[in-house]
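Take a look at the letters that make up each chain.
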Amino acid sequence: MRKEYRCNVVSKCMLNTDTAFIEIKCPEIASAAHPGQFVNISCSRFLKRPFGIASVDKDSGTFKVGVKVVGKGTSEIAAFEAGQEVDVLGPLGNGFVIEAGKKYILVAGGTGVFPVNFAHEVMASEGIEHVVVEGFRCKDQIVLGDPSYILTTDAGDAGIHGNCCDGLDTLSEDQVKDSVVMCVGPLPMMKAVGNWAASHGLKAYVSMEQRMACGIGICLVCVCKIKAERAGEEFDHKRCCKDGPVFPFEEVIW
Amino acid sequence: MRKEYRCNVVSKCMLNTDTAFIEIKCPEIASAAHPGQFVNISCSRFLKRPFGIASVDKDSGTFKVGVKVVGKGTSEIAAFEAGQEVDVLGPLGNGFVIEAGKKYILVAGGTGVFPVNFAHEVMASEGIEHVVVEGFRCKDQIVLGDPSYILTTDAGDAGIHGNCCDGLDTLSEDQVKDSVVMCVGPLPMMKAVGNWAASHGLKAYVSMEQRMACGIGICLVCVCKIKAERAGEEFDHKRCCKDGPVFPFEEVIW
Amino acid sequence: MSNPISVKVGSVELKSPIILASGTCNFGHELSEYYDLSILGGLSSKGLTIKPRVGNPGVRVAETAAGMLNSVGLQNPGVDYFIEHDLDYMDSLGCARIINVAGHSFDDYMAMIDKLAPHKDKIDALEINLSCPNVKAGCMSIGSDPEQIKLIVSSMRKKTDLPLWIKLTPNVTDIKTMALAAQEGGADAVVLINTLLGMAVNIKTRRPVLNNNTGGYSGPAVKPVAIRMVSECYQVLDIPIIGCGGISNYEDVLEFMIAGASAVEIGTASLVHPTCPVDITADLKDWCEKSGESLSSLTGTLQLW
Amino acid sequence: MSNPISVKVGSVELKSPIILASGTCNFGHELSEYYDLSILGGLSSKGLTIKPRVGNPGVRVAETAAGMLNSVGLQNPGVDYFIEHDLDYMDSLGCARIINVAGHSFDDYMAMIDKLAPHKDKIDALEINLSCPNVKAGCMSIGSDPEQIKLIVSSMRKKTDLPLWIKLTPNVTDIKTMALAAQEGGADAVVLINTLLGMAVNIKTRRPVLNNNTGGYSGPAVKPVAIRMVSECYQVLDIPIIGCGGISNYEDVLEFMIAGASAVEIGTASLVHPTCPVDITADLKDWCEKSGESLSSLTGTLQLW
Ligand SMILES: Cc1cc2nc3c(=O)[nH]c(=O)nc-3n(C[C@H](O)[C@H](O)[C@H](O)COP(=O)(O)OP(=O)(O)OC[C@H]3O[C@@H](n4cnc5c(N)ncnc54)[C@H](O)[C@@H]3O)c2cc1C
Ligand SMILES: Cc1cc2nc3c(=O)[nH]c(=O)nc-3n(C[C@H](O)[C@H](O)[C@H](O)COP(=O)(O)OP(=O)(O)OC[C@H]3O[C@@H](n4cnc5c(N)ncnc54)[C@H](O)[C@@H]3O)c2cc1C
Ligand SMILES: Cc1cc2nc3c(=O)[nH]c(=O)nc-3n(C[C@H](O)[C@H](O)[C@H](O)COP(=O)(O)O)c2cc1C
Ligand SMILES: Cc1cc2nc3c(=O)[nH]c(=O)nc-3n(C[C@H](O)[C@H](O)[C@H](O)COP(=O)(O)O)c2cc1C
Ligand code: FES
Ligand code: FES
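Residues numbered from 1 in each chain as written. Chains lettered and ligands numbered in written order. Predicted model: local features only at pLDDT ≥ 70, side-chain atom pairs only at ≥ 80, totals over all residues. Heavy atoms only, no water.

> Would you explain the overall build of chain C in this entry?
When its secondary structure is counted, chain C shows nine helices and 16 strands. By the compact-globule yardstick of 19 Å for 305 residues, chain C fits well, its C-alpha radius of gyration being 18 Å. Overall size of chain C, expressed as C-alpha extent along the three principal axes, is 50 × 50 × 45 Å. Taking all 305 residues of chain C together, 64% fall into the buried category. Within chain C, residue pairs in contact and separated by at least 24 positions form 70% of the contacts whose partners lie at least 6 positions apart. Split by element, the accessible area of chain C, about 10000 Å² in all, is 49% carbon and sulfur. Charged side chains in chain C number 24 positive and 33 negative. The centres of these two groups are separated by 7 Å. (Helix = DSSP H or I, 4+ residues; strand = E, 2+ residues; numbered from the N terminus. Rg over C-alpha atoms; globule rule 2.2 N^0.38 Å. Buried < 20%, exposed > 50% of the residue type's maximum accessible area, 1.4 Å probe, protein only. Contact = heavy atoms within 4.5 Å. Areas by Shrake-Rupley, 256 points an atom, 1.4 Å probe, with all protein chains shown as cover. Lys, Arg positive; Asp, Glu negative; His and termini not counted. Charge placed at Lys NZ, Arg CZ, Asp CG, Glu CD.)

Shown next, in the form of structure tokens:
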């Protein structure tokens, strides 16, 4: 049976002035988590807050989330210190399907770098071929960058001057060919990356974000428009938390 | 101007399994407090909780309150540890009038021992003649007892077997004569002590308890029935928090 | 006293007073991953309509102090799909099967009864949600017009002998009149309360947080209103009341039952802590053991001042 | 922009949108010990009646999630005593002097106007509390009957040209109808909202916590309902709205103003943090400075979806 876990924060560090990297002990979540899945974390506000799983250490039974401060809940959570008790639901949602033998292009913008970090971690350890392209506003915003990544900045003060698609354009034909694209970031970016993938004949998956309450599929508040399965209907409202957050790009109605 | 103070808990100890003694740093309150006054202390619940000031150390700028666990707020407050931040309003209400040259009989039951402790502290340091009589259910319940006190227990397992009035009856005629009685405890006890005082021709003051919201006299939720000042009316509803909590016994309508 | 927490709502026997509230448990599939739903008294399905509904677009939830607003807008697969795909599942859960019925008009509700009545062996009660904002009668909802309530309930009554639980909206001047109208129409019970109508404003965009502008307010914040309505109605009704609104622990359940509820529904609390009904059930059993009382004996024991 | 937080409620100019709500500041004496009340837009007196009232006996407050219930029951010294002892004090505070008027019958209200109208040089507005539960018209309060509202307001209108602010109860099916009735009667503004009716039960004694059984629910928990009502009424009214209900920080003030309020009242928040209006005022000034906007330009800028 699934459970709501009462966990402890094990460590916290600030990645930049408004982004915290928080390690939480929960062996059950650490052992079950897949890249692209998320957790729902309690704070003193009424509802929990959803965060993509950013890293997992099965040995120590911990996982990490990156928390960018945007409001009251995230300010509180980013200020948590080791020892803090939190209630956590997870791992939640459908993550990315990672198959041995396939190769991947991982693309991240904004807080999308966190789930992409986990995907990279898993692929690296399983020897799955992949490249990572990440876009930031400017140099200061770069978090969890890795020398192997292709980085872009809108401001041009680090990496390639431009956005993720400009980064993708620097990939060699070989890198692109037969890859599966996985993208997490703001909507316009995911749309652009999805279109880039389509124009290169690649299958793409995107991770949708929506305001949530339960995170487990019972309240239907977190829906996004997905192409209807039944003929005659324009679209279905699918739950980001349970049916997603990862959806095939071509099924999302933008 | 008065203020709401953001203070820190300096120390906490448990007086028995369900009663905490909490020291809070607030030089303003410590220097202004009179016995019989109270403070209103915040916890995570919506309203603050009122507690009689139990002790003051002007040098260190701290005061103490005794907190008996009876519900959610008091459980939380009794679990506070040194370092905890709290919002405090105080000192609030009208305390006991202590006059040099007069002599006093202080009577306490239940959590009334806390304000009485402060009165004793002040009288002792100012060399004001007084006796203290305290009633408890049983030995285990005795907190802040002092060898100089006359203690009574309903169970008879410590001190005099009986209630406060039985304790009062052990006072010598000399001790009783011309004393002013000050009583803090449950209603029936205060009524009995007041009647005891009246039967000995003594003036008595009692400290009323009522559920509060603001603690500062602006919401009128905390009233008790006091003999009306205007003729023709049976009673006035006076505010425990602002007009009291201390009222002359004979003005209270029981 | 074999099971001290069993209760009765009219003819419906429930092994526990805890029912999962409509719209906060879907049809049970997801919560079954968290606990065995057979410990519950019942589960009330997501509100169903004749046609499938995609519900409202955009942001559908706004957090508030001690609660939330939702504007899901009755997203559901439609009653036919439900009967074909989910009814058997609900039937398998081992708790009472409450079917929540919504509609936009008198005819809608009648059509719903016609669809559901034939499946009465798989249904313990129909919960009729009379607080849908878009109905034939005009801009005011059926649930705030006693004449309409009585008409619709009595018309349903003629179509089925399934227990009819009428779920009322709290957004009315006098809930007693509405509850009495339901009783006069032949209701077996009333469910009090559905959500309060609320709004939240995003001060940066200067737009309502919810794309539907307003939403239904639920959670601990609404409990005092719900308790008041249960108590008011208990004083005038002859039929049982199912209490709902802000319940999040066993003490809340006792409060509702003392005020007059024969059973209760848990809504928003499941969204915050999915397994809270498990804890509440255990705590209720514990309370019965310690007090030596059965829960059903609590109903309406409130002594007013 | 000399004072970016000044606002107007009809003809009444306020140097700040912040008014202390009736019943949560008495007549100002106590809070003056905490801050200089001249920073406020105004102060609304404790609700006054023709005769002095001792109010309800026993427990008058129950804490709830994010709010409280009160059943003070209009304890006040009576209008004559007020005029003799407190009016001059209120006049000396340096903020708008709002006199809150309550009554049990049509005649009561008329008598109150007769008493207060002669003191119009010391009064900026009369706030008419139309949600008293015991009135001649029967068990339903004046404030939930549009005909009664219109009658009472138009009758007052004939007696005084003091601004009449009509304070409405949220415990109604359709607040717009009530607000429109007040406007038709000649009101200068409506105040939205008074308290929601609620109840809390003591599960140990099985009695209502409040000796009056029910009480008025206030605090952050009621804000979503208040915002919704302000927004609904703003869409149909021509007179200004004073928003009230759960305000506890400057963002709440902005939310109310965007939804349609010209000014706001702070009630329960003063009970929890007596100096919160000082902080809110500073934060509002700060906001104006940073945004370059004046507060008054915010009113009703909400763009519905
Ligand atoms: C599946 C998923 C994965 C996410 N992963 C991450 C991550 O790895 N790192 C990270 O920093 N952020 C992530 N977010 C966004 C994060 O959940 C929000 O920033 C956070 O909920 C904001 O809370 P707040 O109280 O600070 O903001 P407030 O604006 O004060 O919150 C008010 C309400 O709106 C909700 N809300 C506000 N912004 C968002 C948003 N962008 N998405 C969803 N709900 C929102 C809050 O949860 C809350 O219910 C993710 C969101 C989703 C849905
Ligand atoms: C002037 C005054 C002085 C006090 N001094 C002390 C003291 O020195 N030590 C001490 O242990 N207690 C004292 N009390 C009682 C103490 O305030 C309550 O025990 C406490 O508020 C209970 O809070 P709770 O959350 O644990 O109880 P709950 O029952 O969960 O509280 C619910 C609500 O009722 C109120 N309430 C409950 N019991 C009381 C009560 N007996 N009196 C007033 N309000 C109550 C709470 O403040 C809260 O608003 C004093 C009360 C007053 C009025
Ligand atoms: C997300 C959500 C969806 C809801 N959907 C329905 C519904 O479809 N039908 C219905 O009758 N009530 C619906 N409700 C109302 C609940 O069943 C319940 O009456 C209300 O939320 C108050 O209870 P609570 O405070 O325990 O949540 C919904 C509530 C929420 C929060
Ligand atoms: C203790 C208390 C007493 C009140 N007394 C009055 C009153 O006398 N007259 C009145 O019009 N409103 C009265 N109110 C209602 C408030 O003025 C206000 O409308 C309501 O509390 C909602 O605002 P809030 O949530 O900011 O408190 C009272 C409220 C409280 C909490
Ligand atoms: S958040 Fe409840 S269904 Fe997705
Ligand atoms: S608690 Fe508000 S007046 Fe006493």
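> Is there a simple way to explain the relation of the copies chain C and chain D in this structure?
Relating the two copies of this chain is a rotation about some axis coupled with a shift parallel to it. When chain C is fitted onto chain D, the two copies agree to an RMSD of 0.0 Å after a turn of 180° and an axial shift of 0.0 Å. This pairing of chains is accounted for by a two-fold axis. Comparing contact sets, 100% of the residues at the interface of chain C also lie at the interface in chain D, consistent with an isologous, same-surface contact. (Least-squares fit on C-alpha atoms with pLDDT ≥ 70 in both.)

> Just checking my understanding: could you explain the pattern of salt bridges for this structure?
Where side chains of opposite charge bring their charged atoms close, a pairing between them can arise. Following the criterion strictly, the structure yields 60 salt bridges over all chains and no others. Measuring nitrogen to oxygen at the nearest pair gives 2.6 Å for the salt bridge that ties Glu293(C) to Arg206(D). Pair noted here: Glu293(C) is in the segment after α9 (276-291) and Arg206(D) is in the loop between β12 (201-202) and β13 (207-208), and the two residues belong to different chains. Glu293(C) gets classed as partly exposed once you look at its relative accessible area, which sits at 24%. Arg206(D) gets classed as buried once you look at its relative accessible area, which sits at 17%. (Salt bridge = Lys/Arg side-chain N within 4 Å of Asp/Glu carboxyl O.)

> Mind showing me how you'd approach the site of ligand 2 here?
Residues and elements named next belong to chain B. In the region of ligand 2, 19 residues are neighbours, and Arg49, Pro50, Gly73, Thr74 and Glu209 sit closest. At a separation of 2.7 Å, a nitrogen atom of ligand 2 approaches a polar backbone atom of glycine 66. Between ligand 2 and glutamate 209, the relevant distance is 2.7 Å, taken from a nitrogen atom to a side-chain nitrogen or oxygen of the residue. In isolation ligand 2 has 830 Å² of accessible area, and contact with the protein removes 84% of it. Elements represented by at least two residues in the shell around ligand 2 include exactly β4 (49-52), β6 (62-68) and α2 (72-78). Considering every element that reaches the shell around ligand 2, the biggest residue donor is β4, with four residues. When its residues are assigned to classes, the shell around ligand 2 shows seven nonpolar, seven polar and five charged. Mapped onto the domain boundaries, the shell around ligand 2 takes at least three residues apiece from domain 1 (4-92) and domain 3 (208-254). (Near = heavy atom within 4 Å. Polar contact = N/O pair within 3.5 Å; in protein donor to acceptor, adjacent residues only side chain to side chain. Nonpolar A, V, L, I, M, F, W, Y, C, P; charged D, E, K, R; others polar. Domains from an automatic or database assignment.)

> Got a minute to help me understand the packing of aromatic side chains in this structure?
What describes a pair of aromatic rings is the distance from one ring centre to the other and the angle between the planes of the rings. Residues and elements named next belong to chain D. Counting across every chain of the model gives six aromatic pairs over all chains. On the basis of an interplanar angle of 40° and a centroid distance of 5.1 Å, the ring pair of phenylalanine 27 and phenylalanine 82 is categorised as tilted. Of the two residues, phenylalanine 27 sits in the loop between β3 (18-20) and β4 (42-44) while phenylalanine 82 sits in helix α1 (residues 79-85), which places them 55 residues apart along the sequence. Owing to a relative accessible area of 0%, phenylalanine 82 belongs among the buried residues under this scheme. (Phe/Tyr/Trp six-rings, centres within 6.5 Å; stacked < 30°, edge-to-face > 60°.)

> Explain the interface of chain C and chain D to me, please; I cannot follow it from the model alone.
Accessible area lost during the coming together of the parts is what is often quoted as the interface size. Contact with chain C, which involves 46 residues of that partner, is made by 46 residues of chain D. Where chain C abuts chain D, roughly 4100 Å² becomes buried across the two surfaces, and 63% of that area is made up of carbon and sulfur atoms. Of all residues in chain C, Arg206(C), Arg207(C) and Trp305(C) bury the most surface against chain D, accounting for 21% of the area lost on that side. Here chain C and chain D share two salt bridges between them. Where chain C touches chain D, the interface holds 23 residue pairs in polar contact (both at pLDDT 80 or more). (Buried area = accessible area lost by both parts, 1.4 Å probe.)

> Sorry if this is basic, but what is going on with the domain arrangement of chain A here?
Residues and elements named next belong to chain A. The domain boundaries assigned to chain A delineate domain 1 (4-92), domain 2 (96-207) and domain 3 (208-254). When each unit is reduced to the centre of its C-alpha atoms, the spacing between domain 2 and domain 3 is 23 Å. With twelve residues of domain 2 at the interface, the matching set in domain 3 holds ten residues. At the boundary of domain 2 with domain 3, total buried surface from both sides reaches about 970 Å², with 68% on carbon and sulfur atoms. Area buried by domain 2 at its contact with domain 3 is led by Lys191, Val206 and Ser207, which between them contribute 45% of it. Applying the counting criterion to the domain 2 and domain 3 interface returns one salt bridge.

> Could you clarify how one ought to interpret the pairing of strand β13 (residues 203-207) of chain B in this entry?
Each regular strand shows side chains that alternate between the opposite faces of the sheet. Residue and element names in this part refer to chain B. Relative to β13, strand β12 (residues 179-184) runs parallel, the two being bridged by four bridges. Along β13, the bridge assignment pairs valine 180 with lysine 203. The pairing of β13 with strand β16 (residues 246-248) spans three bridges and is classified as antiparallel. Its bridge partner being in β16, valine 206 is matched across the sheet by phenylalanine 247. (Pairing = 2+ DSSP bridges.)

> Got a minute to help me understand unusual backbone geometry in this structure?
Generally, phi is negative for residues other than glycine and the peptide bonds are trans, each holding for most cases. The omega torsion across Gly90(A) and Pro91(A) is -10°, close enough to zero to call that bond cis. Between Leu192(C) and Ile193(C) the backbone carries a cis peptide bond, its omega angle lying at 10°. Phi at Asn26(D) is positive, roughly 50°, even though this residue is not glycine. Relative to the helices and strands, Asn26(D) is located in the loop between β3 and β4.

> Help me out: how do you make sense of the layout of surface pockets in this one?
Rolled over the atoms, a probe sized like a water molecule indicates the empty space that remains. Residues and elements named next belong to chain B. Size it by volume and the second largest pocket reaches roughly 860 Å³. Around the second largest pocket, the lining comprises 40 residues; the ones closest to its centre are Gly185, Pro186, Leu187, Pro188 and Met190. Broken down by secondary-structure element, the contributors of at least two residues to the lining of the second largest pocket are α3 (113-126), β9 (130-136), α4 (164-169), α6 (187-199) and β14 (223-227). Considered class by class, the residues forming the lining of the second largest pocket number 20 nonpolar, 15 polar and five charged. (1 Å grid on protein atoms, 1.4 Å probe; cavity = no way out; pocket = protein on both sides within 12 Å on 5 of 7 lines; lining within 4 Å. Points joined across faces, edges and corners; volume = space filled by probe spheres on them.)

> Which parts of the structure should I look at to understand the arrangement of the chains?
With five pairs of chains in contact overall, the contact-richest pair is chains C and D. Of all C-alpha pairs spanning chain A and chain B, none lies closer than 10 Å, and the two are not in contact.

> Would you take a moment to explain the sheet that holds strand β12 (residues 203-207) of chain A for this structure?
Strands in a sheet are paired, the pairing made by backbone hydrogen bonds, and the direction either parallel or antiparallel. All names here are of chain A. Ordered by their spatial adjacency, seven strands build an open sheet running β10-β9-β8-β7-β11-β12-β15, and the pairing between neighbours is mixed. The open sheet has two edge strands, β10 (160-161) and β15 (246-248), and neither has a second partner. Running over the sheet, helix α3 (residues 113-126) touches β7 (103-109), β8 (130-136) and β11 (179-184) and is turned about 155° from β7. The sheet contacts of helix α6 (residues 187-199) involve β7, β11 and β12, and relative to β11 the element is tilted by about 170°. (Axes fitted to C-alpha atoms, helices over the stretch in contact; angles between N-to-C directions.)

> How should I be thinking about empty space enclosed by the protein in this particular structure?
Taken as a whole and assessed by the stated rule, the structure comprises one cavity of 30 Å³ or more. Surrounding the largest cavity, 14 residues form its lining, Pro170(C), Leu196(C), Pro170(D), Asn171(D) and Leu196(D) being those nearest its centre. For the lining of the largest cavity, the secondary-structure elements that each account for two or more residues are α6 (223-234) of chain C together with α6 (223-234) of chain D. Classifying every residue of the lining of the largest cavity by side-chain character gives ten nonpolar, two polar and two charged.

> In this structure, what is going on with helix α5 (residues 175-185) of chain D? I would like to understand it.
All buried positions along α5(D) are accounted for by Ile175(D), Met178(D), Ala179(D), Ala181(D), Ala182(D), Gln183(D) and Gly185(D). One or two residues past the end of α5(D) sits Gly186(D), with phi positive at roughly 105°.

> Explain the sheet that holds strand β10 (residues 150-153) of chain B here, please?
Residues and elements named next belong to chain B. With respect to topology, seven strands assemble into an open sheet ordered β11-β10-β9-β8-β12-β13-β16, the strand pairing being mixed. Pairing within the sheet leaves two strands with one partner each, and these edge strands are β11 (160-161) and β16. Relative to β11, β10 runs parallel, the two being bridged by two bridges. By the bridge assignment, threonine 153 is partnered in β11 with histidine 161. Each of β8 (103-109), β9 and β12 touches α3; the most contacted strand, β8, lies at about 155° to it. Contacts from α6 reach β8, β12 and β13 within the one sheet, and its direction differs from that of β12 by about 170°.

> Would you mind going over the confidence of the model for chain C with me for this structure?
Residue and element names in this part refer to chain C. Across chain C, pLDDT averages 95, with 97% of residues at or above 70. Taken as a whole, residues 134-140 scores under 50 in pLDDT and shows 14 contacts with residues more than four places along the chain or in a different chain. Here the complex is predicted with pTM 0.96, and the ipTM for its interfaces comes to 0.96. (pLDDT = per-residue confidence, 0-100.)

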